[in-house]
Amino acid sequence: MRRRTFLAAATATAALFTGAASGPAGAAGTRESRVLVFSKTAGFRHDSIPDGIAALKELGQANGFTVDATEDAGAFTTAGLSRYDAVVFLSTTGDVLDATQQAAFESYIEHGGGYVGVHAAADTEYDWPFYGGVVGAYFQNHPAIQPAAVDVEDRAHPATSHLPAVWNRTDEWYNYRANPRQDVHVLASLDESSYTGGTMNGDHPIAWCHEYGGGRAFYTGGGHTKESYADPAFRQHLLGGIQWARGAAQADSRPEDGYSPLFDGTQESLAGWKQAGPGSFTLDDGTLTSSGGMGMLWYADMAFGAYSLKLGWKMAGDDNSGVFVGFPPSDDPWSAVDNGYEIQIDATDAPEKTTGSVYSSQSADLKKRDRALNPPGQWNTYEIRVQGERLRVWLNGVKINDFTNTDPARSLKDGHIGIQNHGAEDQVSFRNIRIKELGAGEELQGEQVRSEQVQGEQLRGEQLRG
């Protein structure tokens, strides 16, 4: 709802994101950031491992972290692992660590360390339950190498935000012993109708992330072929997973199921939406980007009461937008301002008018917000949960606001939702808008308790290792 000079905004934005790349070990800004690539094999050995090591070293050199590569399990000591922000298991197979080394790795994760599993990392340490929890699922079998369509479910995570909604690529596609969806945040899944040999009954996760035991874990089933490591899209996929695992980028990693799309990236899914006021949104590559204003694109097909609303958003710079909830139907965008509530998107305004605030009503918890927020140019996610007159906001999986409406002229119990196009100088993009309706007192599979426990474990890990 404001404009500021570019210089002032740039200065404030730079101050806001100072130290934002602090990793799970609290490393960035205090010591050199390092990643360990571990590729020991006690079973099948992939001939793509040298290509993978070379690619990861190049990615590290270009992105501010040093990569050490080893096949020596002796590196897995408490002191040795404490040097690293993340450990990559690059197509490891079989039993690669002894009991003492396993204990060191467990301690590393419990103290905030990051894990990245690539391809045959799921064919590793079958008799070690902790590792099974970290990787998320174990390998069962695979058909021949062949092309397949990968459905990208989360286009806000740094490992997948650069990808199209359907990613067509050739690899060796693993089947897993169990579907991990209930325990991990699925980033991408295989369309089993696009290739032969899938055995997971049409729900086939192939890349995921989650917070486990105090640390962060990312896994991708790709990476069998040498060609994978020369593919820019796959390299960026690996880089995004590493950046998230080491804490240099933030994303929502909570398990998710049961949401219905309101905007899925297609023109057809915009049929239920209406533009109120001036300006518009342009649709490109499954992304809505604001243009002009001040207006609002609102979902006119129906109103909602108790629900969880999720969406991805990205600012180009010091821009202004927001998500409106709880307003009556109207073609006047100011009706939403006057009768609903806006969850603000703005890098640098006053506390009650900046990202995560309920605009002009309640600031976010700014310390939590700052730790969870990705800077302009990168994708973020909101969950906005409305139950009765209570409104809660999660940013990249971290709860940053808990607001209760006491204004008798407004009510959150029944209303519409919308996204704002603020003005000609503001450019904010949105993706993957989805909703899950809730009972009046229903929580989401224990998400609140689990996410708060994970945040506490991560904070303790960072304090211990920082």
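Residues numbered from 1 in each chain as written. Predicted model: local features only at pLDDT ≥ 70, side-chain atom pairs only at ≥ 80, totals over all residues. Heavy atoms only, no water.

The chain is annotated in an unreviewed UniProt entry as ThuA domain-containing protein of Streptomyces himalayensis subsp. himalayensis.

(A) Representation of the nonpolar core in the model. One finds Phe76, Val88, Phe89, Leu90, Phe105, Tyr115 and Tyr176 to be the most contacted residues of the largest nonpolar core, which totals 71 residues. Top contributing element to this core by residue count: helix α6 (residues 232-245), with six residues. When neighbours within four sequence positions are excluded, Phe89 is seen to be in contact with Phe38, Phe76, Leu97, Phe105, Tyr115, Val116, Gly117, Val118, Ala121 and Tyr131. By size, the runner-up hydrophobic cluster in this structure holds 40 residues, among which are Phe281, Ala347, Ala364 and Leu412. (Core = buried A, V, L, I, M, F, W, Y, C linked by side-chain atoms within 4.5 Å. Buried < 20%, exposed > 50% of the residue type's maximum accessible area, 1.4 Å probe, protein only. Helix = DSSP H or I, 4+ residues; strand = E, 2+ residues; numbered from the N terminus. Contact = heavy atoms within 4.5 Å.)

(B) Region of the structure containing the pattern of salt bridges. Taken as a whole, this structure holds 19 salt bridges when the rule is applied. When the shortest N-O distance is used, the salt bridge between Glu32 and Arg34 registers 2.7 Å. Taken together, the shared-partner salt bridges connect Asp252, Arg254, Glu383 and Arg385 into one network. (Salt bridge = Lys/Arg side-chain N within 4 Å of Asp/Glu carboxyl O.)

(C) Region of the structure containing α6. With 14 residues, α6 extends 20 Å from end C-alpha to end C-alpha; this agrees with the ideal 20 Å at 1.5 Å per step. Among the 14 residues in α6, eleven count as buried, and that is most of the element. Listing the buried residues of α6 in full gives Phe234, Arg235, His237, Leu238, Leu239, Gly240, Gly241, Ile242, Gln243, Trp244 and Ala245. Just downstream of α6 lies Gly247, where phi reads positive at about 90°. (Expected span 1.5 Å × (residues − 1).)

(D) Representation of the packing of aromatic side chains in the model. Evaluated as defined, the whole model comprises 28 aromatic pairs. For the ring pair Tyr341 and Phe403, a centre distance of 5.0 Å and an interplane angle of 65° mean the geometry is edge-to-face. On the criterion of sequence distance, the pair formed by Tyr341 in strand β19 (residues 341-346) and Phe403 in strand β22 (residues 398-404) is long-range, its members being 62 residues apart. By the burial criterion, Tyr341 is buried, and Phe403 matches it. The residue whose ring lies beneath Arg410 is Tyr341, and the NZ or CZ to ring-centre distance is 5.1 Å. (Phe/Tyr/Trp six-rings, centres within 6.5 Å; stacked < 30°, edge-to-face > 60°. Lys NZ or Arg CZ within 6 Å of the ring centre and 35° of its normal.)

(E) Spatial organisation of the pairing of strand β20 (residues 380-387). The element β20 is extensively covered by neighbouring structure, given that eight of its eight residues are classed as buried. Burial of the side chains of β20 extends over both faces: Asn380, Tyr382, Ile384 and Val386 are buried on one face and Thr381, Glu383, Arg385 and Gln387 on the other. Where strand β17 (residues 307-315) meets β20, seven bridges bridge the pair, whose relative direction is antiparallel. Within β20, the residue paired with Lys310 across the bridge is Glu383. Pairing between β20 and strand β21 (residues 390-395): six bridges, direction antiparallel. Paired with Glu383 across the strands is Trp394, a residue of β21. Between β20 and β21, which follow one another and run antiparallel, lie two residues, and Gly388 among them has a positive phi close to 65°. (Pairing = 2+ DSSP bridges.)

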